[in-house]
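What follows is the residue order along each chain.
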Amino acid sequence: MKQRVKPSARQYIRPDGQLSTQGRRVWGKISDHLKDSFYKWMVQVRLFDRRSILLQRQGRIGTYAPLEGQEAAQVGSALALKKEDWIFPSYREHGVAMIAGMPLSRILLYWMGRVEGNVTPEGVRLLPPCVPIATQMPQAMGAAWAAKLKKESSIAVAYFGDGATSEGDFHEACNFAGVFQLPVVYFCQNNHYAISVPFHRQSATPTVVEKADAYAIQGVQVDGNDVLAVYTAMKEAVDRGRQGEGATLIEAVTYRKGAHTTADDATRYRDEQEVEEWVNHRDPLRRYESLLIREGLWTEAEMRDWESYCKETVEQAVREAEAASPPSAEHLFAHVFEKLPPDLVKQREQVQRREDELG
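All values reported here derive from a predicted model rather than from experimental measurement.

**Quick look at the overall build of the protein**
Now for step 1: Of regular secondary structure, the protein possesses 13 helices and seven strands.
Now for step 2: Taken over the C-alpha trace, the protein has a radius of gyration of 21 Å; the compact-globule value for 359 residues is 21 Å, and the two agree within 12%.
Now for step 3: Over its C-alpha atoms, taken along the principal directions, the protein stretches across nearly 70 × 50 × 45 Å.
Now for step 4: Across the 359 residues that make up the protein, the buried fraction comes to 50%.

So, in structure tokens, the structure goes:
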């Protein structure tokens, strides 16, 4: 078998917080506002994530998909988008949703099983979280195709994990995007495991990004824990899409610190040394904090103040979500069929009678 050379991931911020030579050039070209935004959003996302896990353990939300460790991948990519762009997330993109404009309380309502958690504010082009693996990819391709036909400047982005590359939807979406030169970005957060299955058991190629060659689309691999590298790669990809230069597949190599969901036990399939390496030596937030302090942009005291602000923001969202009126049982029947089958019509009538009896 021919030996393939594994691509080298783009990295601007090293794990110790030092900028590479190229990273220094890129760092000098972006605004202090954007540098602050990277940090502020990563902290907000992490604290929301940690609080959500506690809420699930307390029985206050349902099964939840943690994202800690993937903050740089989500924040860096989302901040490169515009309001006009369409976002097709999987079930782990809470950080992307926040930046797109989804209120924290509504994200919590989704995890409470409430239909309101799927409703975005006016003008926010964010689709509901997609739980079936990779089905959002052809949808994003379709939105990009529509934008091209209508001569709009918007691009579409599909977020997915490495497990999605084992699905036919991934290959079909990439193929269409390549054939029709569509303004779409496929953003893979390769966190090494599709639930318990390691990437090397899913793919004969050692990377996701080299799959782009089969469809003649641009492929970029980045250090997914380097927010500057992620942002730059995403900015280049969306600019290419807007300029009519076709699709891009981005592989952000990252790691989820916790379990696949709160229903999973990651200790059963992950090596302790591997986890320790990623958690203690490649953490995206600690890396960026070190850089900000070294550059004199933030102090540790300011960081603690921001953490306090974010914690209160999350608590306010929890209060708002839990104060929502009880859902109507009608929601069980309202959002699947255009016209209910007779057996479900009968069930709905029974539920209505029961609700009337209870007042």
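**Concerning the domain arrangement of the protein**
Now for step 1: On domain assignment, one finds that the protein holds domain 1 (21-327) and domain 2 (328-358).
Now for step 2: The C-alpha-based centres of domain 1 and domain 2 are spaced at 36 Å.
Now for step 3: With four residues of domain 1 at the interface, the matching set in domain 2 holds four residues.
Now for step 4: Summing the contributions of domain 1 and of domain 2, the shared interface buries around 270 Å²; its carbon and sulfur component is 64%.
Now for step 5: Here domain 1 and domain 2 share zero salt bridges between them.
Now for step 6: Our count for the contact surface shared by domain 1 and domain 2 stands at zero residue pairs in polar contact (both at pLDDT 80 or more).
Now for step 7: Looking at the side of domain 1 that touches domain 2, its residues break down into three nonpolar, no polar and one charged.

**With respect to the sheet that holds strand 6 (residues 218-223)**
Now for step 1: Spatial ordering of the open sheet is given by 1-2-3-7-6, a layout of five strands whose pairing is parallel. Since the sheet does not close on itself, it has two edges, and those belong to strand 1 (86-88) and strand 6, each with one partner. Within this sheet the neighbouring strands show an average axis-to-axis angle of 20°, counted without direction.
Now for step 2: Sheet strands in contact with helix 7 (residues 168-180) are strand 2 (156-161), strand 3 (184-190) and strand 7 (248-253), and its direction is about 145° off that of strand 3.

**Concerning the environment of Leu79**
Now for step 1: Mapped onto the fold, Leu79 is located in the loop between helix 3 (71-78) and strand 1.
Now for step 2: C-alpha separation for the pair Leu79 and Val230, spaced 151 residues apart in sequence, amounts to 9.9 Å.

**Re the packing of helix 2 (residues 32-57) against helix 8 (residues 227-242)**
Now for step 1: For the pair helix 2 and helix 8, interaxial distance at closest approach is 11 Å and the crossing angle is 115°. Taken as axis vectors, helix 2 and helix 8 run roughly perpendicular relative to one another. Of the two elements, helix 2 crosses helix 8, and the hand of that crossing is right-handed. Taken together, the residues of helix 8 that come into contact with helix 2 (itself represented by Leu34, Phe38 and Met42) are Val227, Leu228 and Tyr231.
Now for step 2: Here the contact of helix 2 with helix 8 is composed, by residue class, of six nonpolar, no polar and no charged.

**Topic: the UniProt feature "domain: Dehydrogenase E1 component" (unreviewed entry) in the protein**
Now for step 1: The UniProt record marks residues 39-328 with the feature "domain: Dehydrogenase E1 component" (unreviewed entry), using the residue numbering of this structure.
Now for step 2: With 45% helix and 11% strand, residues 39-328 has end C-alpha atoms that lie 40 Å from one another.

**Digging into the nonpolar core**
Now for step 1: Residues Phe38, Tyr39, Tyr159, Phe187, Leu228, Met234 and Tyr288 are the most contacted members of the largest nonpolar core, which totals 71 residues.
Now for step 2: Here Tyr288 is in contact with Ile13, Trp27, Lys35, Phe38, Tyr39, Met42 and Val227, once residues within four sequence places are set aside.
Now for step 3: Formed by 26 residues, the second largest nonpolar core is a distinct cluster that contains Ala144, Ala164, Tyr186 and Cys188.

**Some remarks on the packing of aromatic side chains**
Now for step 1: A complete count under the given rule lists 14 aromatic pairs for this structure.
Now for step 2: Summarising the aromatic geometry, the rings of Tyr110 and Trp111 are spaced 5.0 Å apart at their centres and angled 85° between planes, so their arrangement reads as edge-to-face.
Now for step 3: Look at Tyr110 and you get buried, because its relative accessible area is 17%.
Now for step 4: Judged by relative accessible area, which is 11%, Trp111 ranks as buried.
Now for step 5: Every member of this aromatic cluster is reached through a ring pair, and the members are Trp27, Phe38, Tyr231 and Tyr288.
Now for step 6: Positioned above the aromatic ring of Trp306 is the side chain of Lys40, whose terminal nitrogen or guanidinium carbon lies 5.1 Å from the ring centre.
Now for step 7: Positioned over the ring face of Trp278 is Arg282, at 4.3 Å from the centre of the ring.

**As for unusual backbone geometry**
Now for step 1: Although it is not a glycine, Lys151 adopts a positive phi angle of roughly 60°.
Now for step 2: If you trace the backbone, Lys151 turns up in the loop between helix 6 (136-149) and strand 2.
Now for step 3: Under the relative-accessibility criterion, Lys151 is labelled exposed at 74%.
Now for step 4: Phi is positive for Ala216, close to 55°, though the residue is something other than glycine.
Now for step 5: Along the chain, Ala216 turns up in the loop between strand 5 (197-198) and strand 6.

**Some words on the pattern of salt bridges**
Working definition: two side chains of opposite charge can pair if their charged atoms are close together.
Now for step 1: In the structure shown here, the tally under the stated rule is 24 salt bridges.
Now for step 2: One salt bridge connects Glu312 with Arg319, and the closest N-O pair in it is separated by 2.6 Å.
Now for step 3: Salt bridges sharing partners connect three or more residues here, namely Arg46, Arg50, Glu68, Glu71, Lys257 and Asp283.

**Quick word on the side chain of Thr262**
Now for step 1: Note on placement: Thr262 falls in the loop between strand 7 and helix 9 (272-281).
Now for step 2: Here Thr262 is in contact with Gln56, Arg57, Thr63, Tyr64 and Pro66, once residues within four sequence places are set aside.

Criteria and cut-off values
Residues numbered from 1 in each chain as written. Predicted model: local features only at pLDDT ≥ 70, side-chain atom pairs only at ≥ 80, totals over all residues. Heavy atoms only, no water. Helix = DSSP H or I, 4+ residues; strand = E, 2+ residues; numbered from the N terminus. Rg over C-alpha atoms; globule rule 2.2 N^0.38 Å. Buried < 20%, exposed > 50% of the residue type's maximum accessible area, 1.4 Å probe, protein only. Domains from an automatic or database assignment. Contact = heavy atoms within 4.5 Å. Buried area = accessible area lost by both parts, 1.4 Å probe. Salt bridge = Lys/Arg side-chain N within 4 Å of Asp/Glu carboxyl O. Polar contact = N/O pair within 3.5 Å; in protein donor to acceptor, adjacent residues only side chain to side chain. Nonpolar A, V, L, I, M, F, W, Y, C, P; charged D, E, K, R; others polar. Pairing = 2+ DSSP bridges. Axes fitted to C-alpha atoms, helices over the stretch in contact; angles between N-to-C directions. Parallel < 35°, antiparallel > 145°, perpendicular 65-115°, else oblique. Left-handed = near helix turned anticlockwise from the far one by under 90°. UniProt positions renumbered as here; feature names shortened; annotations may be inferred. Core = buried A, V, L, I, M, F, W, Y, C linked by side-chain atoms within 4.5 Å. Phe/Tyr/Trp six-rings, centres within 6.5 Å; stacked < 30°, edge-to-face > 60°. Lys NZ or Arg CZ within 6 Å of the ring centre and 35° of its normal.

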